[in-house]
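Close look at the chain arrangement
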Number of protein chains: 2
Amino acid sequence: MSTKRSTWQKVAVRQALEESNGFASAQEIFQMIISTGLKLGLTTVYRALTELVESGDVDALASEDGETKYRFCSNDHHHHLICRQCGETVEFDLAGFEAATSELAAKHGFTSVTHSIELFGICEKCGVAS
Amino acid sequence: MSTKRSTWQKVAVRQALEESNGFASAQEIFQMIISTGLKLGLTTVYRALTELVESGDVDALASEDGETKYRFCSNDHHHHLICRQCGETVEFDLAGFEAATSELAAKHGFTSVTHSIELFGICEKCGVAS
DNA sequence: CTATCTGCAAAGTCTTTGCACTTTT
DNA sequence: AAAAGTGCAAAGACTTTGCAGATAG
């Protein structure tokens, strides 16, 4: 059976994701790590992220530019408001929304429902700059 | 200046997107069209979709599997509940949610905010089958 | 020691671009 | 006829896979 091993590469990936405020693409994480002088393959980053996703610690999300973004999954389910320009992220919680979606899904006979809610906009700083 | 011309290819793309209930990827649209016997290039589909997006009629959204999904931007903004297994889609409207998101965005100083809300689950038929 | 992991290079997707040809206007 | 559009093939970006060598336990 598969007993996962701990390697410095996996640790580095996890740390990089933490430092990025828990929201980064594989490519970004790769750059972060090698820019510190450490050397590892891009392949390893993808594999480490896949492992984190499978373990449930991390969540994968497709972004608008074709990259997959990764972030930590907190237990208290929250969503993000993301600046399209600078990437600044605000977490938020939507009271009542979780319940509304579950109800809606049930009404249509759907089960095992997950939801993806992300808001994209221009934050205050970037709005002024333009 | 660029005056857009009307071609049967663009019409076909628009129609295919309409027939797919306004939620499909470029690849899917391409398949839909050629399966009717018409012949056109994948390139053209991408270009037609890009034009629709630029004109504001259509909205592009990154999906979890790396493809970009396209859908019509209706004024009465609605969302989708999609079966992970068979792809069946139910449209829904979330009273109050639109207002809640706008308010939230404003509170954080964000402007030009768009949102992406999709629910993924297993529909009744597929749930029984498994 | 040995199952697992790493990393290179090659392959696979989806999407975009260059360029000659066709079509709308 | 001329500007715009089409389609092929090649290129690009992100991600996955195969395999030999390295490593954790």
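Since this is a predicted model, take the numbers as computed values, not measurements. (Residues numbered from 1 in each chain as written. Chains lettered and ligands numbered in written order. Predicted model: local features only at pLDDT ≥ 70, side-chain atom pairs only at ≥ 80, totals over all residues. Heavy atoms only, no water.)

When chain B is fitted to chain A, the best match, at an RMSD of 0.9 Å, comes from turning it 179° and sliding it 0.4 Å along the axis. What we have between these two chains is a two-fold relation. Both copies present the same face, since 100% of the interface residues in chain B are matched by interface residues at the equivalent positions in chain A. (Least-squares fit on C-alpha atoms with pLDDT ≥ 70 in both. Contact = heavy atoms within 4.5 Å.)

Residues and elements named next belong to chain B. Enumeration over the complete set of coordinates arrives at eight salt bridges over all chains. R71 serves as the salt-bridge partner of D59, at 3.4 Å between the closest nitrogen and oxygen. With D59 in strand β2 (residues 58-62) and R71 in strand β3 (residues 68-72), the pair connects residues that are 12 residues apart, well separated along the chain. In this structure R71 comes out as buried when scored by relative accessible area, which is 5%. (Salt bridge = Lys/Arg side-chain N within 4 Å of Asp/Glu carboxyl O. Helix = DSSP H or I, 4+ residues; strand = E, 2+ residues; numbered from the N terminus. Buried < 20%, exposed > 50% of the residue type's maximum accessible area, 1.4 Å probe, protein only.)

Right, let's get into the side chain of K69(B). With respect to the helices and strands, K69(B) occurs in strand β3. Separated by 3.4 Å, the side chains of K69(B) and E28(B) make a polar contact. (Polar contact = N/O pair within 3.5 Å; in protein donor to acceptor, adjacent residues only side chain to side chain.)

Residues and elements named next belong to chain B. With respect to the helices, strands and loops of the structure, E19 is situated in helix α1 (residues 8-19). For E19, a relative accessible area of 66% corresponds to the exposed category. In the structure, E19 is positioned 10 residues away from I29 in sequence and 9.6 Å away in space, judged by C-alpha atoms.

A few words on the pairing of strand β2 (residues 58-62) of chain A. All names here are of chain A. Examined bridge by bridge, β2 and strand β3 (residues 68-72) share five bridges and lie antiparallel to one another. Paired with A60 across the strands is Y70, a residue of β3. In sequence, β2 turns back onto β3 through a hairpin of five residues, with G66 there showing a positive phi of about 90°. (Pairing = 2+ DSSP bridges.)

To continue, consider helix α3 (residues 42-55) of chain A. All names here are of chain A. Here α3 is 14 residues long and its end C-alpha atoms lie 20 Å apart, about the 20 Å a rise of 1.5 Å per residue gives. Of the surrounding secondary structure, the elements contacted by the buried residues of α3 are α1 (8-19), α2 (26-34), β2 and β3. One or two positions beyond α3, positive phi appears at G56, with a value near 90°. (Expected span 1.5 Å × (residues − 1).)

We now examine the nonpolar core. Core analysis: the largest hydrophobic core is formed by 28 residues, its most contacted members being F97(A), F110(A), F97(B) and F110(B). Those elements that place two or more of their residues in this core are β4 (79-83), β5 (89-92), α4 (97-107) and β6 (111-122) of chain A together with β4 (79-83), β5 (89-92), α4 (97-107) and β6 (111-122) of chain B. When residues no more than four places from it in sequence are discounted, the contact partners of F110(A) are A105(A), L81(B), I82(B), C83(B), E88(B), V90(B), G121(B), I122(B) and C123(B). (Core = buried A, V, L, I, M, F, W, Y, C linked by side-chain atoms within 4.5 Å.)

The next thing to look at is the pairing of β3(A). Pairing analysis gives two bridges linking strand β1 (residues 24-25) of chain A to β3(A), with the strands arranged antiparallel. Its bridge partner lying in β3(A), A24(A) is registered against Y70(A).

A word on the interface of chain B and chain A. At the interface, 32 residues of chain B touch 32 residues of chain A. By the criterion of area lost to chain A, the three top residues of chain B are L104(B), F110(B) and L119(B), representing 21% of everything that side buries. Inspection of the chain B/chain A interface yields zero salt bridges. Contributions of two or more residues to the side of chain B that touches chain A are made by β4, β5, α4 and β6 of chain B. Grouping the amino acids of the side of chain B that touches chain A by side-chain chemistry returns 17 nonpolar, 10 polar and five charged. In terms of strand pairing, β6(A) meets β6(B) through nine bridges, oriented antiparallel. In the sheet register, S116(A) faces β6(B), and the bridge partner there is E118(B). (Buried area = accessible area lost by both parts, 1.4 Å probe. Nonpolar A, V, L, I, M, F, W, Y, C, P; charged D, E, K, R; others polar.)

A word on the packing of helix α2 (residues 26-34) of chain B against helix α3 (residues 42-55) of chain B. Residues and elements named next belong to chain B. Axis separation between α2 and α3 bottoms out at 9 Å; the angle between their running directions is 120°. Here α2 lies oblique to α3, going by the angle between them. In this structure, α2 meets α3 at a crossing whose hand is right-handed. Side by side, α2 and α3 meet where A26, Q27, I29 and F30 of the first sit next to L42, V45, Y46 and L49 of the second. Residues of the contact of α2 with α3, tallied by class, amount to seven nonpolar, one polar and no charged. (Axes fitted to C-alpha atoms, helices over the stretch in contact; angles between N-to-C directions. Parallel < 35°, antiparallel > 145°, perpendicular 65-115°, else oblique. Left-handed = near helix turned anticlockwise from the far one by under 90°.)

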